[in-house]
Amino acid sequence: MRWILRGLVASALTLAAVVPAIQGAVAATELLQNGGFSSGTTSWWSTGNTPLSVDAGRLKAAVPGGTANKWDAMLGQKTPAFAIHQGRQYTLSFDASASASRQVRTTVQQNTDPYPATLDTLFTVDTTTRHFSFPFTGSLETANAELTFQLGGLAGGAYTVWFDNVSLTDSTGTAAGDPTQMTSGFYVDPNSNPATWVQNNPNDGRTAAIQSSIATKPMARWFGNWSGDIGAAVGGFVGAADAADKLPVLVAYNIPGRDACGGQSGGGAGSPAAYRTWIQSFASAIGTRPALVIIEPDSLGDFNCMSQAQIDERNGMLSYAVQQFKNSAPNTWAYLDGGNAGWVAANVMAQRLTGAGLADAHGFSLNVSNYYTTAETVAYGNSVQGNLPASKPFVVDTSRNGNGANGEWCNPPGRKLGATSQLGGGPEMQLWIKVPGDSDGSCGIGAGIPAGTFSPDLATRLINGN
């Protein structure tokens, strides 16, 4: 089911909870209700030097230059004030962009002097519209709270800032969102590699088969250092799925030292610090929207090529990634990747998953980009489960496992498409995580085709099983 309320619409700004209708859960509480802009008036106040207006359904603020402090150019919602309680869980989320890059501030604070704040955080806006999400625990007990955006400061000159889809919710007592219940099926990516190839090659003899068997099926979108601005890339993909009321599957694939054993997919972020910044932006861009995320395929399989110091460093990054989705994307189910049935013994993989922070993930993924049958993978997954401190669900990549594995991993011949994305069937879900037709690298029947590049020949062979 869809979100009940989606913030700003057309010419009206509504500051409200985007509440998931979750079966058996207590709904998140709508804290704020603001009026519309169609008459040219707003339910927001601003300092006299920061005029507000409406621009294509977004709240627009013209910020002067030369202000000394953030609060010297400021806006917020009008009274009546709302209540904030100590120990309760809240989430502020919104979309924002600006005519120039600026660091600004948002607070949820008491609206009387000395204005103590329970949320006080800085964020950066620029010319790209981004989705921001800030979960926080109430530290005030007040019936007179207010939301502010504080836009001034010494750095930089005058600029314009826009806000959209503003939401403040009290989620205490709300069950963690089940993204499969908040949506009406899996998202079919209209810009997947197979779909793009079909669009660009309407007269090719292979097009009809690829369109019907692959391009129209739900599959994951992979994100890495090729994705550019990761917040914008993830936000655009998840936003399109949300608008269609469908569940997107995303793969985070940017761990430093990726494919450490000399495979075809080396690379990743330049440093652990860069990775932490990247994955934090990834999770924040999803925000409260429903999603599934596969975290770093293969990252726990190649420890035999790493020193203990490198293993410890990687575990720290993976644990950080898991925590970001838990904290910033409450309606996302994140799965830490657990390799495949032919790689690492189940008891060893259980130890590795535990060491990488599985306790804070929804579950683990198996068979990503591999070929083992669903039955073989479920048996392996059950064995991994049996060696964990606490049971966790798992999902299986079925994109290319229709004929099972032949012991090769890099574009082997004779493989076939597997079951399309669906709930159940042995694992928690069967998903097309690897994009069928995307090469594993310049190897096997894909010689000369770089990893991640779509090949109509590889796709056709998966359709035909040869």
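Residues numbered from 1 in each chain as written. Predicted model: local features only at pLDDT ≥ 70, side-chain atom pairs only at ≥ 80, totals over all residues. Heavy atoms only, no water.

In the annotation of an unreviewed UniProt entry, the protein chain is listed under the name Glucanase and assigned to Kribbella speibonae. Checking UniProt for the protein chain, the heading Sequence similarities (unreviewed entry) contains the comment "Belongs to the glycosyl hydrolase family 6." (UniProt positions renumbered as here; feature names shortened; annotations may be inferred.)

A.B. asks: Honestly, the overall build of the protein chain in this entry has me stumped. Any pointers?
C.D. replies: What the protein chain contains, in helices and strands, is 8 helices and 20 strands. Counting the 466 residues in the protein chain, one finds 54% classified as buried. Contacts in the protein chain between residues at least 24 apart in sequence constitute 74% of all its contacts with a sequence separation of at least 6. If you sum the accessible surface of the protein chain, you get close to 17,500 Å²; carbon and sulfur atoms cover 50% of it. (Helix = DSSP H or I, 4+ residues; strand = E, 2+ residues; numbered from the N terminus. Buried < 20%, exposed > 50% of the residue type's maximum accessible area, 1.4 Å probe, protein only. Contact = heavy atoms within 4.5 Å. Areas by Shrake-Rupley, 256 points an atom, 1.4 Å probe, with all protein chains shown as cover.)

A.B. asks: I tried to follow the packing of aromatic side chains on my own but got confused; where do I start?
C.D. replies: The geometry of an aromatic ring pair is captured by two quantities: the separation of the ring centres and the angle between the planes. Applying the stated criterion to the full structure yields 20 aromatic pairs. Ring geometry for Trp44 and Phe149: centres 6.2 Å apart, planes at 20°, overall stacked. One end of the pair, Trp44, is in strand β2 (residues 44-46); the other, Phe149, is in strand β11 (residues 142-150), with 105 residues separating them in the sequence. An aromatic cluster is defined as three or more aromatic residues linked by ring pairs; in this entry it consists of Trp44, Phe94, Phe123, Phe132, Phe134, Phe149 and Phe163. Residue placement shows Arg276 over the ring face of Tyr320; its charged tip is 5.5 Å from the ring centre. (Phe/Tyr/Trp six-rings, centres within 6.5 Å; stacked < 30°, edge-to-face > 60°. Lys NZ or Arg CZ within 6 Å of the ring centre and 35° of its normal.)

A.B. asks: Mind showing me how you'd approach the packing of helix α4 (residues 272-286) against helix α5 (residues 308-328) here?
C.D. replies: Between two packed helices, both the angle of their axes relative to each other and the distance between the axes serve to describe the pair. Close contact between α4 and α5 brings their axes to 9 Å; oriented N to C, the two are set at 20°. Taken together, the axes of α4 and α5 are roughly parallel relative to one another. As for how α4 packs across α5, the hand of that crossing is right-handed. Here Pro272, Tyr275, Arg276, Ile279, Gln280, Phe282, Ala283, Ser284 and Ile286 of α4 lie close against α5, whose contacting residues are Glu313, Gly316, Met317, Tyr320, Ala321, Gln324, Phe325 and Ser328. In the contact of α4 with α5, the residues fall into 10 nonpolar, 5 polar and 2 charged. (Axes fitted to C-alpha atoms, helices over the stretch in contact; angles between N-to-C directions. Parallel < 35°, antiparallel > 145°, perpendicular 65-115°, else oblique. Left-handed = near helix turned anticlockwise from the far one by under 90°. Nonpolar A, V, L, I, M, F, W, Y, C, P; charged D, E, K, R; others polar.)

A.B. asks: What is the right way to look at unusual backbone geometry in this model?
C.D. replies: Backbone torsion omega between Asp113 and Pro114 reads 15°, so that peptide bond is classified as cis. Its place among the elements puts Pro114 in the loop between β8 (102-110) and β9 (117-125). In the Ramachandran plot, Glu296 falls in the positive-phi region, its phi being about 55° despite a non-glycine side chain. For Glu296, the location among the structural elements is in the loop between β15 (291-295) and α5. Of note, the phi angle at Asp298 is positive, near 75°, even though the residue is not glycine.

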